[in-house]
Amino acid sequence: MLARPVDFMGCALSLAELALGYTSPNPAVGAVVVRDGVVVGLGHTQSPGSAHAEVMALQQAGDRAKGATMYVTLEPCCYQGRTPPCTQAVIDAGISEVHVALLDPNPLVSGKGLRRLEEAGIKAFVGEYEQRAWEINEGYIKFITTGLPFVIAKFAMSLDGKIATENGDSKWISSDEARNYVHHLRHIVDAIMVGANTIVVDDPQLSARGCGGKGGKTRLQPLRVIVDGRGRTPLSAQVFEEPGKTLIAVAKPFDTKKAEDFRKAGAEVVDLPSELDIIDLAELLNVLGKRQITSVLVEGGSKLFGLLFDRGLVDKVLAFISPIIIGGDGAKSAVGGKGVNMVAEALRLSRVKIDQFGDEVLISGYVGGR
């Protein structure tokens, strides 16, 4: 029986996924060094300012890197940042061949890294598992090319499209399996965003828990962003007791006393342009981008989702559908806002995937094509 060939790039991509949640605003990259068909070095990106994936793998390989092949999920950097250029480390190690899954869209790299390797006599190949490599770093890619965070709209709804009953009860539409997956999502994003009504009605913690990383009390938590034009967030809300930082986006001009109360509770208050107390969400994303927030997971509610979709600010949708019927004319649907006038104008997702968590189905896809 013939042995199954080793998928070295697949291994590198798995390493890159291990780095998610720890490397932002840098990309999450995995690297594998192979000599004579044997893996001699493995590495993934460390926290900002620390070693990149290529360097980690080369350090593990040592002298065995000479004449070896490297598989790396993103084009090696070729400029001096907080760390030296990875291209030089690859050249100095004597690597003879490099396989790259995806070119780095960073204007400082974008093909230059590959050319530097080729000029040094290293054979370079591009494109293996390109789509998967893109998905791993979708947040970094949008941020590095636009300066804005990648926005993910995540909601759980019943089979008839409701996110709560008429009296506002929503616990629990989603299953334990789905909620555990959401904690994984919170673990790998830079920020979680909700509207004020979600805080008032549900009083969520908005923290990553049980993921072995950001979930610990002493670990880094995603930034909690509350869109609260009128300052309705109660000072008793759980978000003020959780580890990590909370930012409350309010409509200017804002009540000075309320702002001071929020600050005393430990939150940062950012006042933004608004119309009828509806915050300029595009400007909020711009503010987050300037703070190097590369990805935002939006968790509700219906009004906030509606505003984001109406303004074309959503990049990806994750919709958990539970096999229950809630009914009720007054029960809220997942997405509010103005919507469209004709079905033909409806937003259609691309690259749709369907996964299952217990009895629930997760439909995910991207807004617009790549």
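Scroll up for the structure.
Residues numbered from 1 in each chain as written. Predicted model: local features only at pLDDT ≥ 70, side-chain atom pairs only at ≥ 80, totals over all residues. Heavy atoms only, no water.

Participant: Requested: an account of the packing of helix H2 (residues 53-61) against helix H3 (residues 86-93), with residues and values cited.
Facilitator: Running from N to C, H2 and H3 cross one another at 20 degrees; their axes reach a closest spacing of 9 Å. Considered as vectors, H2 and H3 are oriented roughly parallel to each other. Note on packing geometry: the crossing formed by H2 with H3 is left-handed. For the pair H2 and H3, contact is made by Glu-54, Val-55 and Leu-58 and by Cys-86, Ala-89, Val-90 and Ala-93, respectively. Class assignment of the residues belonging to the contact of H2 with H3 gives a composition of six nonpolar, no polar and one charged. (Axes fitted to C-alpha atoms, helices over the stretch in contact; angles between N-to-C directions. Helix = DSSP H or I, 4+ residues; strand = E, 2+ residues; numbered from the N terminus. Parallel < 35°, antiparallel > 145°, perpendicular 65-115°, else oblique. Left-handed = near helix turned anticlockwise from the far one by under 90°. Contact = heavy atoms within 4.5 Å. Nonpolar A, V, L, I, M, F, W, Y, C, P; charged D, E, K, R; others polar.)

Participant: Please give an account of helix H11 (residues 302-310) that cites residues and values.
Facilitator: Buried residues dominate H11, accounting for seven of its nine residues. Residues of H11 that are buried include every one of Ser-302, Leu-304, Phe-305, Gly-306, Leu-307, Leu-308 and Phe-309, and no others. Gly-312, located one to two residues past H11, shows a positive phi value of around 65 degrees. (Buried < 20%, exposed > 50% of the residue type's maximum accessible area, 1.4 Å probe, protein only.)

Participant: Can you tell me about the packing of H3 against helix H4 (residues 112-119), naming the residues and giving the values?
Facilitator: Two elements in contact, H3 and H4, have axes whose closest approach is 10 Å; the angle formed by their N-to-C orientations is 20 degrees. Considering the angle they form, H3 stands roughly parallel to H4. Regarding H3 and H4, the two cross each other, and that crossing is right-handed. Where H3 approaches H4, its residues Thr-87, Gln-88, Val-90 and Ile-91 are matched on the opposing element by Gly-113, Arg-116 and Leu-117. Counted by class, the contact of H3 with H4 contains three nonpolar, three polar and one charged residues.

Participant: Give a detailed account of helix H7 (residues 176-188), specifying residues and quantitative values.
Facilitator: For H7, which comprises 13 residues, the first-to-last C-alpha distance of 19 Å matches the rise-based estimate of 18 Å (1.5 Å per residue) to within 8%. For H7, every residue scored as buried is listed here: Ala-178, Val-182, His-183, Leu-185, Arg-186 and His-187. Turning to H7, the residues buried within the fold contact strand E6 (150-158), strand E7 (191-195), strand E13 (295-298), strand E14 (316-322), strand E15 (349-357) and strand E16 (360-367). (Expected span 1.5 Å × (residues − 1).)

Participant: Hey, could you go over the sheet that holds E16 for me, with residue numbers and the actual values?
Facilitator: Taken in spatial order, the nine strands make up an open sheet running E10-E9-E8-E7-E13-E6-E14-E16-E15, and their pairing is mixed. Each edge of the open sheet carries a strand with a single partner, namely strand E10 (267-272) and E15. Taken over all neighbouring pairs, the strand axes of this sheet differ in orientation by 20 degrees on average, direction set aside. Taken together, the seven bridges between E15 and E16 define a ladder with antiparallel strand orientation. Residue Gln-356 lies in a different strand from E16, and its bridge partner there is Val-361. On top of the sheet, helix H10 (residues 281-290) reaches E6, E7, strand E8 (223-227), strand E9 (246-251), E10 and E13; it is set at about 160 degrees to E8, its chief contact. (Pairing = 2+ DSSP bridges.)

Participant: Pulling in residues and values, what's your account of the pairing of E9?
Facilitator: Across the six residues of E9, six count as buried, placing the element largely inside the fold. Along E9, one buried face is formed by Thr-246, Ile-248 and Val-250 and the opposite face, lined by Leu-247, Ala-249 and Ala-251, is buried too. As judged from the four bridges shared by E8 and E9, these two strands associate in the parallel manner. Paired with Arg-224 across the strands is Thr-246, a residue of E9. Of the pairings in the sheet, the one linking E9 to E10 comprises six bridges and is parallel in character. Bridging from a neighbouring strand, Ala-249 pairs with Val-270 of E10. In this fold, the crossover linking E9 to E10 by way of helix H9 (residues 256-264) has right-handed handedness. (Right-handed = clockwise from strand over helix to strand, strands pointing away.)

Participant: Summarise the pattern of salt bridges; cite the residues concerned and give the values.
Facilitator: Close approach of charged atoms allows side chains with opposite charge to pair. Within this structure, the stated rule accounts for nine salt bridges. Among the ionic pairs, Lys-316 bridges to Glu-138, the shortest N-O distance being 3.1 Å. Here Glu-138 lies in helix H6 (residues 138-146) and Lys-316 lies in strand E14, a separation of 178 residues in the sequence. By relative accessible area, Lys-316 is classed as buried at 15%. In this structure, Lys-257 and Asp-261 form a salt bridge, with 2.9 Å as the shortest nitrogen-oxygen distance. (Salt bridge = Lys/Arg side-chain N within 4 Å of Asp/Glu carboxyl O.)

Participant: Provide a residue-level description of the nonpolar core, including the pertinent values.
Facilitator: Membership of the largest hydrophobic core comes to 52 residues, with the highest contact counts inside it found for Val-33, Met-70, Val-90, Ile-95 and Val-98. Looking at which element gives the most residues to this core, the answer is helix H1 (residues 8-19), with seven residues. In this structure, Val-33 is in contact with Val-38, Val-39, Val-40, Gly-41, Ala-57, Leu-58, Ala-61, Ala-65, Ala-68, Thr-69, Met-70 and Ile-95, ignoring residues within four places of it in sequence. Grouped together as the second largest cluster of nonpolar side chains are 35 residues, Val-225, Leu-272, Leu-304 and Ala-319 included. (Core = buried A, V, L, I, M, F, W, Y, C linked by side-chain atoms within 4.5 Å.)

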